[in-house]
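Structural characterization, general
This is what each chain is made of:
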Amino acid sequence: MKKLLLVCALVLPSLAQAQIFDLRLVSNTGGGAVTTIFESELQKIENEINADLPTGDPKRLMEGMANSQAASAKGFATDYISHFDKVLVGAGLGLGADLEENKDADSDLSGIGITGGLQLGLNMSMFADNSFLGLDPKKTTVLLNFFSFGLDRNFDDNKAEIDMLSFGLSGTYKWIDGNGNRLFGWDGVRIHTGYQYTKADITFTGKIDEDVNETSNGSTVTGNILGNPKGTIETTTHSIPLEISSGVNFLWVMSFYGGVGTDFNMGSAKGKGDLNTQNSTLTCTGGVACGGTETAVVATEANIDDEADVQPFFFRGFAGFQVNLPYIRIYAQGNKVFGTEVYSLATGLRLAF
């Protein structure tokens, strides 16, 4: 889990730098010809600094982050085919990704999200023997999930901070009974709904240390540009699903299931950035323009601030499998939001009693 979160901490903020750094000439001691030299060299330096960084409007990235975070909880926080009579306990992990290429940010994806945590499931037959509101307690289960995680780690000159929180409640009702048995049989039809909250704040602080030594028309510009760019993505989503699923059991130990669902989503992702630099001084010497020595003060600016809402409705399909060992359930499930490139994967281990 920690390794995966560290990867996210390194990848996400680098994607968040979706607005190029701008080097601005504040002042210089020379005239117009000197200004032209400094501005020409600043443009070259700016191009070098931004050569490996994405460019463009970061709003699409924020939208992809919000959609990916909401999708990451799909399948992770619901039980589809665990066959438990009283209690289910376990832990799982959900990963979401918007795999649509982000042309604005020069990236092969437009966002990723992660959800994880502990789970507790209860069969309502533990609390009632008779039907309630027309529901059979033996066919009704509820599942709660909770996850809280924080990480602060340094990587050479870089620093990553992660704060995550998720919780939810889901309910499942076996609407239509199946037939056959665990050797080979149809599991029936189940209906699922609930509520899921996810929050992920990721902050990355890096370092810029750019030496300047450029010569043009006999004039040489030297100096050093320093900075500690800081990028933060704050994502919060609320999601209410409504799903229908069915499955089959095979050879006692294998179960396969699938279905369709729709989700009502609220929330957003917000990007904030700061270059955290002081003005730098460059020196121009030699040539006709600079003559002896001229100096210039350079300000470095950056802006990645933007916000986007999660897609209000998902319509998706899902499929998964589960290995059923005595008291142990191991599952994996994939989800696809139709009409988009948003995918998610849920996996975990549960104990069923």
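Coordinates for the structure precede this section.
A brief look at the structure comes next. Since we're looking at a predicted model, the values are computed, not measured.

1. Digging into helix α3 (residues 59-72)
If you check α3, its first and last C-alpha atoms are 20 Å apart, about what 14 residues at 1.5 Å a residue would give, namely 20 Å. Within α3, 12 of the 14 residues are buried, which leaves the element mostly enclosed by the surrounding structure. By the burial criterion, the buried members of α3 are R60, L61, M62, G64, M65, A66, N67, S68, Q69, A70, A71 and S72.

2. Focus on the pattern of salt bridges
Following the criterion strictly, the structure yields 11 salt bridges and no others. Between K139 and D177 there is a salt bridge, with the nearest N and O atoms lying 3.2 Å from each other. With K139 in the loop between β3 (111-123) and β4 (140-155) and D177 in strand β5 (residues 158-180), the pair connects residues that are 38 residues apart, well separated along the chain. The partly exposed category is assigned to K139, whose relative accessible area is 25%. Residues R316 and D263 are paired through a salt bridge, measuring 2.5 Å at the closest nitrogen-oxygen approach. Highlighted residues: R316 in strand β14 (residues 313-325) and D263 in strand β10 (residues 254-274), separated in sequence by 53 residues. By the burial criterion, R316 is buried, and D263 matches it. Bridged by salt links that share partners, the residues K74, E243, D263 and R316 form one connected network.

3. A closer look at the pairing of strand β2 (residues 87-98)
Where β2 and β3 come together, 12 bridges link them in antiparallel fashion. Looking at the pairing, G90 lines up with Q119 of β3. Both β2 and strand β16 (residues 342-352) contribute to a ladder of 11 bridges, which runs antiparallel. If you follow L95 over to β16, its bridge partner there is L345.

4. Here's the deal with the packing of aromatic side chains
According to the stated counting rule, one finds 8 aromatic pairs in the structure shown. Residues F184 and F250 carry aromatic rings whose centres are separated by 6.2 Å and whose planes lie at 85 degrees to one another, so their mutual orientation is edge-to-face. Of this pair, F184 sits in strand β6 (residues 184-205) while F250 sits in strand β9 (residues 230-250); the two residues are 66 residues apart in sequence, bridging distant segments of the chain. On the accessibility criterion, F250 (38% relative accessible area) is partly exposed. Taken together, the aromatic side chains of Y80, Y257 and F318 make up a single cluster linked through ring pairs. Seen from the ring of Y343, K336 lies directly overhead, with NZ or CZ sitting 5.3 Å from the centre.

5. A closer look at empty space enclosed by the protein
For the coordinates displayed, the defined rule picks out 4 cavities of 30 Å³ or more. Here the largest cavity is characterised by a volume of approximately 110 Å³. In terms of lining residues, the largest cavity is bounded by 17 residues, among which A73, A77, T78, Q196 and P241 are the most central. When contributions to the lining of the largest cavity are tallied by element, the ones reaching two or more residues are β4, β5, β6 and β9. The residue makeup of the lining of the largest cavity, split by class, is 7 nonpolar, 7 polar and 3 charged.

6. Notes on the nonpolar core
Residues F38, L42, V221 and L282 are the most contacted members of the largest nonpolar core, which totals 15 residues. Broken down by secondary-structure element, the contributors of at least two residues to this core are β1 (22-28), α2 (32-49), β8 (219-227), β11 (280-285) and β12 (293-301). If sequence neighbours within four positions are ignored, L282 has contacts with F38, L42, V212, V221, T222, G223, N224, E294, T295, A296 and V298. In terms of nonpolar packing, the next biggest core, distinct from the first, is built from 13 residues, A66, I233, F314 and V342 among them.

Calculation notes
Residues numbered from 1 in each chain as written. Predicted model: local features only at pLDDT ≥ 70, side-chain atom pairs only at ≥ 80, totals over all residues. Heavy atoms only, no water. Helix = DSSP H or I, 4+ residues; strand = E, 2+ residues; numbered from the N terminus. Expected span 1.5 Å × (residues − 1). Buried < 20%, exposed > 50% of the residue type's maximum accessible area, 1.4 Å probe, protein only. Salt bridge = Lys/Arg side-chain N within 4 Å of Asp/Glu carboxyl O. Pairing = 2+ DSSP bridges. Phe/Tyr/Trp six-rings, centres within 6.5 Å; stacked < 30°, edge-to-face > 60°. Lys NZ or Arg CZ within 6 Å of the ring centre and 35° of its normal. 1 Å grid on protein atoms, 1.4 Å probe; cavity = no way out; pocket = protein on both sides within 12 Å on 5 of 7 lines; lining within 4 Å. Points joined across faces, edges and corners; volume = space filled by probe spheres on them. Nonpolar A, V, L, I, M, F, W, Y, C, P; charged D, E, K, R; others polar. Core = buried A, V, L, I, M, F, W, Y, C linked by side-chain atoms within 4.5 Å. Contact = heavy atoms within 4.5 Å.

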